[in-house]
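Here's the letter readout for the chains.
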Amino acid sequence: MADIIQLLPDHVANQIAAGEVVQRPASVVKELLENAVDAGASTIQLIVKEGGKTLIQVVDDGIGMSPTDARLSFERHATSKIRSAEDLFKLHTKGFRGEALASIAAIAHVEMHTKPEDEEVGTHLKIEGSTVVSQEFIVTPKGTSISVKNLFYNIPARRNFLKSNQVEFRHITDEFHRVALAHPGINFYFFHNGSELFHLTSHSQKKRIVQIFGHKTDEKLVPVQEETQVVSIEGFICKPSFAKKSRGEQFFFVNDRFIKSPYLHHAILSAFEGLIKPESHPGYFLYLKVDPTSIDINIHPTKTEIKFDDEQTLYAILRATVKHSLGQFHLAPMIDFDKDQNLETPYAYQNKEANLPGVTVNPGFNPFQESTGRSAPGGFHKKASAEGWENLYVGMESKASRKDSFSSVHYESETISGSIFPQSEQPEGNDSTTFQLRRKYIVTTIRSGMLIIDQSRAHQRVLYEKFLRSMTLKETLSQQLLFPISLSFSKGEMAILHQMKDHLHALGFVFGNEQEEQLVIKGLPPMVAEKEAELVLDQLISECSMESKSTDFSQSDMLAKALSKSLSVKTGDLLDSISQLALVNDLFACKETLLSPFNKPIFITLSENEIDKKFN
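Keep in mind that what you see is a predicted model, and the values were worked out from it rather than measured.

Basis of the calculations
Residues numbered from 1 in each chain as written. Predicted model: local features only at pLDDT ≥ 70, side-chain atom pairs only at ≥ 80, totals over all residues. Heavy atoms only, no water. Helix = DSSP H or I, 4+ residues; strand = E, 2+ residues; numbered from the N terminus. Buried < 20%, exposed > 50% of the residue type's maximum accessible area, 1.4 Å probe, protein only. Areas by Shrake-Rupley, 256 points an atom, 1.4 Å probe, with all protein chains shown as cover. Contact = heavy atoms within 4.5 Å. Salt bridge = Lys/Arg side-chain N within 4 Å of Asp/Glu carboxyl O. Axes fitted to C-alpha atoms, helices over the stretch in contact; angles between N-to-C directions. Parallel < 35°, antiparallel > 145°, perpendicular 65-115°, else oblique. Left-handed = near helix turned anticlockwise from the far one by under 90°. Nonpolar A, V, L, I, M, F, W, Y, C, P; charged D, E, K, R; others polar. Pairing = 2+ DSSP bridges. Core = buried A, V, L, I, M, F, W, Y, C linked by side-chain atoms within 4.5 Å. Arc of directions from axis to C-beta. Phe/Tyr/Trp six-rings, centres within 6.5 Å; stacked < 30°, edge-to-face > 60°. Lys NZ or Arg CZ within 6 Å of the ring centre and 35° of its normal. Patch = residues over 30% accessible without salt bridge, like charges linked within 9 Å, V, L, I, M, F, W, Y side chains within 5 Å.

A. The overall build of the protein, seen in detail. Looking only at helices and strands, the protein has 17 helices and 22 strands in total. Buried residues in the protein amount to 41% of all 616 residues. Here the protein displays about 37200 Å² of accessible surface, and carbon together with sulfur accounts for 52% of that area.

B. Geometry of helix 8 (residues 262-271). Residues of helix 8 that are buried include every one of Leu264, His265, Ala267, Ile268, Ser270 and Ala271, and no others. Buried residues along helix 8 sit in contact with strand 11 (250-254), strand 13 (284-289), strand 15 (307-308) and helix 9 (311-328).

C. Focus on the pattern of salt bridges. Applying the stated criterion to the full structure yields 13 salt bridges. Arginine 457 is the partner of aspartate 454 in a salt bridge, and the nearest nitrogen-oxygen pair spans 3.9 Å. When its relative accessible area of 11% is taken as the criterion, aspartate 454 is described as buried. Across the pair lysine 561 and aspartate 557 runs a salt bridge whose closest N-O atoms are separated by 3.4 Å. You can see lysine 561 and its partner aspartate 557 sitting in helix 15 (residues 552-567), four residues apart, about one turn around the helix. For aspartate 557, a relative accessible area of 14% gives the class buried.

D. Main features of unusual backbone geometry. In the Ramachandran plot, glutamate 50 falls in the positive-phi region, its phi being about 55 degrees despite a non-glycine side chain. By the element assignment, glutamate 50 lies in the loop between strand 1 (43-49) and strand 2 (55-60). In the Ramachandran plot, asparagine 150 falls in the positive-phi region, its phi being about 55 degrees despite a non-glycine side chain. As for its position among the elements, asparagine 150 is in the loop between strand 6 (143-149) and helix 5 (156-160). Classification of asparagine 150 as partly exposed rests on a relative accessible area of 33%.

E. Looking closely at the packing of helix 11 (residues 455-473) against helix 16 (residues 577-587). With their axes 9 Å apart at the nearest point, helix 11 and helix 16 run at an angle of 55 degrees to one another. Looking at the two axes, helix 11 sits oblique to helix 16. Two packed elements cross with a definite hand, and for helix 11 against helix 16 that hand is left-handed. Contact residues: Gln455, Ala458, His459, Arg461 and Val462 in helix 11; Leu583, Asp586 and Leu587 in helix 16. Of the residues contributing to the contact of helix 11 with helix 16, the split by class is four nonpolar, two polar and two charged.

F. Expanded view of the sheet that holds strand 5 (residues 131-138). In space, the eight strands of this open sheet follow the order 5-4-3-6-2-1-7-8, with mixed pairing throughout. Of all strands in the sheet, those with a lone pairing partner are strand 5 and strand 8 (195-200), marking the two edges. Across this sheet, the average inter-strand angle for adjacent strands is 10 degrees, counted without regard to direction. The pairing of strand 1 with strand 2 spans six bridges and is antiparallel. Bridge pairing links valine 48 to isoleucine 56 in strand 2. Along the sheet, helix 6 (residues 165-182) makes contact with strand 1, strand 7 (187-192) and strand 8, crossing strand 7 at roughly 175 degrees.

G. Just the packing of helix 2 (residues 25-38) against helix 6, in detail. Where helix 2 meets helix 6, the closest approach of the two axes is 8 Å, and the angle between their N-to-C directions is 25 degrees. Put simply, helix 2 runs roughly parallel to helix 6. Crossing angle aside, the handedness with which helix 2 passes helix 6 is right-handed. For the pair helix 2 and helix 6, the contacting residues are Pro25, Ala26, Val29, Lys30, Leu33 and Val37 in the first and Glu168, His171, Ile172, Glu175, Phe176 and Val179 in the second.

H. Quick look at the nonpolar core. Counting 57 residues, the largest nonpolar core has Leu32, Ile44, Leu46, Val148 and Leu181 as its most contacted members. Not counting residues up to four positions away in its chain, the partners in contact with isoleucine 44 are Leu33, Ala36, Val37, Val58, Val59, Asp60, Ile186, Asn187, Phe188 and Tyr189.

I. Structural detail: helix 12 (residues 491-499). Inspection of helix 12 places Glu493, Met494, Ile496 and Leu497 among the buried residues, and these make up the whole buried set. Buried residues of helix 12, viewed axially, fall in a sector of 160 degrees; they line one side.

J. Region of interest: the packing of aromatic side chains. By the definition in use, this model includes 16 aromatic pairs. Taken together, the aromatic side chains of Phe213, Phe251, Phe253, Phe258, Phe285 and Tyr287 make up a single cluster linked through ring pairs. Its end group placed over the ring of phenylalanine 598, lysine 565 keeps NZ or CZ at 5.8 Å from the ring centre.

K. Molecular detail of a nonpolar patch on the surface. Taken together, the side chains of Val121, Phe137 and Val139 make up a nonpolar region of the molecular surface, amounting to roughly 340 Å² of accessible area. Structurally, valine 139 is set in the loop between strand 5 and strand 6.

L. Spotlight on the sheet that holds strand 11. With respect to topology, five strands assemble into an open sheet ordered 9-10-13-11-12, the strand pairing being mixed. Every other strand in the sheet has two partners, leaving strand 9 (221-227) and strand 12 (258-259) as the edge strands with one partner each. Strands in contact with helix 7 (residues 205-213) are strand 9, strand 10 (232-238), strand 11 and strand 13; relative to strand 10, the strand with the most contacts, it is inclined by about 35 degrees.

M. How the structure looks around the environment of leucine 314. Relative to the helices and strands, leucine 314 is located in helix 9. Distance from leucine 314 to valine 231, taken between C-alpha atoms, is 7.3 Å for residues 83 residues apart in sequence. With near-sequence residues (within four places) excluded, leucine 314 lies in contact with Val231, Leu264, Leu288 and Phe308.

That is the geometry; function is a separate question.
Structure follows, in structure tokens:
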């Protein structure tokens, strides 16, 4: 049998490795920023064009590289971070695989300018698809500058799978936030399409968080700090009142490396149990320091997953630390349910003596004395004069009728003229064709049997088609606010809202003059309450942050879905018979009645035969 196994060429191997390391432009940004941090840079610049598809450039003032190191850095498994296998369990750097630059060079056009501080000239290196085009000496400042152009130019299928420029840019921004938050002592600059988005100067952890997420974040943060033999924890958690239904401000850093850990996230949720609504996520920025020998980073190419030696102990410490901070800063209820609250004396009454109750007696009261008129209870408040009392009743019934009414005051009413129930709660007749079941379903009758409708999904469908019609036909209805409201958002959130501005105008939102981190709202759609405006916009930003195409139709569809979900009737809402009937009629006036906007069934039918079978 002939030999069929052979070694793959280097450029093929690099492209295979690139599929794991470089998934999108944000992956390139992450690798280049971490290399700049490992190089000891004090200032790092990130320059991006068209969501990273055209250009990604990272400039740092680190130690730089010699001509030999510059050339060797693009070879597979070439690294300055480790020397032996034992070094994998005592890592102090971001990178250690030696695959990032080789993978990037295999699928893009790469240019490098680098120079060590003690050299007079630097090195200019150009590589296209793992092939070195040129290498020459050049005059360049200290540090390294790497430009990555035309990503995935030789893999068209991978390039077609990339999302829109806006979506890829948001992923790049997320990676930039993670690196910048992990290293608050480094100056960071971020430019996109020639505009400066972030200018982060060296600051403390709290100042760096405020620099990135806006001044409004300052009032949310609660400090967390704990020192144990297993782990050192410091950072901040957000107050329970600022918990959101969508994730976005959850950051774990282990030894200055961003990680994702559902297990540790559950520890935070457990600490917030009872303080936030179900399905809400608290924000946190937690920095953990552990012994490098107690963790394994080499389990995933992206290095965002870490294996801990003793996860249970870390879980317990983290949960207890967060609960301690919540209680220390009076964010958790301080109630002892074992105490009898009725036996506790208020502080204001501890030093007071008991006073005997006073009794007032009217010595002139005679129960056998006949009275000519009704007196006030007690009988000892003497009227000065009763003359002219008739003037108080001018325009009312006659004296005769008043006399009759006074004469009948000695008798109890024999007939009930009114009702103990409010008029709106009077039992209705059998003309109602709908009723609400468990405050979740609307049950109505049809010719063949019975219809059970999910009220939340039905309302979502009604609102969804209404919003789509408004955005398509530009039929704007807006409720102007007497006092405009001002909401605070971060720079990234303001950028997302700016992209949706035209569609929001079509829905009825009216905005005032925009500021850097302030959004002024002068008008709202009729179905959006003023107190719900911030929540609705937060949910829109969260939905828009998800991956989606950039076409106008899909963005309109996404906005309509997000608004219908946030404004629809929820499970548990009580609906009167008129609202139930209106919702049923509106549902069957829609173009699609079977499925909600999220492709879930809206109603089920029970035919008369099926009901008969239940009794048989």
